[in-house]
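Commentary on secondary and tertiary structure
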Amino acid sequence: MKKRFAGMITAGVVAAALAGCQGQTTAETTQTAAAESQAGTQAEESGKAAGETEAEAKELSGSITLYTSQPEEDVQTLIDGFNEKWPDVQVDVFRSGTEEVISKVLAEKQAGSVLADVLLVADNVTFETLKEQDMLMAYESPELEGIPEAYIDKDHMYTGTKVITTGIAYNTEIVKTAPASFADLTTEAYKDNLIMPSPLYSGAAAYNLGVITRTEGMGWEYYEALKANGITVDKGNGAVQNAIVAGDKGCGLLADYMAIRSKNDGAPVEFVYPAEGSPAVTEPIGIVNTTDTPELAEAFVDFVLSEEGQTLTSEIGYTPVKSGVAVPEGLKGIDEIELMTWDTEELYQNRDADKDQFTQLFQ
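The structure presented is a predicted model; accordingly, all values stated were derived computationally and were not measured.

1. Describing the pairing of strand E11 (residues 285-288)
Sheet topology note: the strand E3 (residues 118-120)/E11 ladder contains 3 bridges and is antiparallel. The residue bridging Leu119 from the neighbouring strand is Gly286, located in E11. With 2 bridges joining them, strand E4 (residues 136-137) and E11 adopt antiparallel strand pairing. Among the inter-strand pairings, Met137 is bridged to a residue of E11, identified as Ile287.

See the structure below:
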């Protein structure tokens with residue numbers, strides 16, 4: 001009995017010892033499991049938060065109105081790409097020449113009801129007009145990496161989306177001696193066979209006017225020489241493109257992508273980057289500060305400036321503004337173009353006076 005009792009005590013001691021070890025092991029395991037569970041929960045919550053953010057972004061819906069001077073087919077391609085990412089956001093479009101687009105916006109402001117949410121028009125000088133009138137919303141897109149500072153407004157009211165140079169397009173079936181410079185167009189070889197867009201309609205042409213008339217060796221004398229050489233002034237770049245492709249005119253001042261596009265379509269057209277340099281616009285994008293759907297407007301801006309949007313811009317046929325994105329065949333990249341530029345503030349302050357003087361010259 002004593003032996004049995006002693007055995008029971010011994011067994012109890014051993015059991016207690018084992019229980020203690022098991023208790024200690026269980027506690028450690030529980031602590032480890034709790035820590036792992038907490039870490040897992042934190043990771044899950046973090047992932048959930050990220051997922052919620054992504055889900056919220058995917059749930060963007062509604063509509064915005066885009067005012068643009070970009071060709072209708074091109075802007076629709078851009079919108080289609082945007083809608084692949086945000087299918088529930090409808091983008092309505094008003095499209096015309098930059099000067100008419102801005103006239104519409106200013107008239108709407110005067111009436112107290114601006115319908116546009118986003119603007120995508122020719123040049124930064126135009127956006128300076130809107131900026132001075134406090135019509136733009138500051139927005140620093142997270143997609144600015146790779147875009148040169150020169151194309152980003154310091155106050156983040158607008159950002160360039162592409163680089164469009166103006167050079168010389170000519171019909172190879174009509175023009176036998178290719179021009180190499182702007183100056184060549186004032187010679188007898190091209191008399192009465194020239195065409196250019198009007199700065200009263202085209203924002204790019206208005207920008208070109210401001211730059212060329214302030215460039216040494218050109219000035220207003222250059223436009224006077226073009227007039228003396230029988231140049232035709234038509235509404236916009238599209239009219240110039242059509243005239244050269246059809247052979248109605250042999251040579252003209254034209255946006256680079258339009259000439260290259262015509263050539264790729266099989267037209268007898270070549271494009272020349274002039275020896276003097278190339279005036280260039282960046283077709284900035286900006287948000288109107290009266291928009292009631294800023295999150296949708298921001299999403300559209302982000303897409304246009306993203307690598308995806310810039311790749312689409314290149315595929316449409318424009319020189320992208322973002323470094324690292326391939327340039328369309330036949331066009332120069334942003335680092336290859338010899339730019340003809342002038343101070344933006346001076347161009348802005350003198351735009352109306354420049355257009356008035358142009359009107360007097362060509363009336």
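Moving on, there is more to tell.
2. Observations regarding the packing of aromatic side chains
A full pass over the atoms with the stated rule returns 11 aromatic pairs. Measuring from centroid to centroid gives 6.0 Å for Phe82 and Phe303, while their planes differ by 65°, and the two rings are edge-to-face. Residue Phe82 is located in helix H2 (residues 72-85), and its partner Phe303 is located in helix H9 (residues 294-305); the two are separated by 221 residues in the primary sequence. Phe82 sits in the buried class, given a relative accessible area of 0%.

3. Brief notes about the nonpolar core
One finds Leu185, Tyr223 and Phe300 to be the most contacted residues of the largest nonpolar core, which totals 82 residues. The contact partners of Phe300, leaving out residues within four places of it in the chain, are Ile64, Leu66, Leu78, Ile79, Phe82, Val91, Val118 and Ile285. Judged by nonpolar contacts, the second largest core, of 15 residues, contains Ile102, Val121, Leu136 and Met157.

4. Comments concerning empty space enclosed by the protein
Applying the stated criterion across every chain, the model contains 3 cavities of 30 Å³ or more. Forming the boundary of the largest cavity are Thr166, Phe182, Met196, Pro197, Pro199, Ala205, Asn208, Leu209, Ile212, Tyr223, Leu253 and Phe358. Secondary-structure elements contributing two or more residues to the lining of the largest cavity are strand E6 (194-197) and helix H5 (203-212). The dominant element in the lining of the largest cavity, judged by the number of residues it contributes, is H5, at 4 residues. Roughly 80 Å³ of internal volume is contained in the second largest cavity. If you trace the second largest cavity, you find it lined by Met137, Tyr139, Ser141, His156, Met157, Tyr158, Thr159, Ile285, Gly286, Ile287, Val301 and Leu305. Looking at the lining of the second largest cavity, the elements with two or more residues in it are E11 and H9. In the lining of the second largest cavity, the residues fall into 8 nonpolar, 4 polar and no charged.

Scoring rules and cut-offs
Residues numbered from 1 in each chain as written. Predicted model: local features only at pLDDT ≥ 70, side-chain atom pairs only at ≥ 80, totals over all residues. Heavy atoms only, no water. Pairing = 2+ DSSP bridges. Helix = DSSP H or I, 4+ residues; strand = E, 2+ residues; numbered from the N terminus. Phe/Tyr/Trp six-rings, centres within 6.5 Å; stacked < 30°, edge-to-face > 60°. Buried < 20%, exposed > 50% of the residue type's maximum accessible area, 1.4 Å probe, protein only. Core = buried A, V, L, I, M, F, W, Y, C linked by side-chain atoms within 4.5 Å. Contact = heavy atoms within 4.5 Å. 1 Å grid on protein atoms, 1.4 Å probe; cavity = no way out; pocket = protein on both sides within 12 Å on 5 of 7 lines; lining within 4 Å. Points joined across faces, edges and corners; volume = space filled by probe spheres on them. Nonpolar A, V, L, I, M, F, W, Y, C, P; charged D, E, K, R; others polar.

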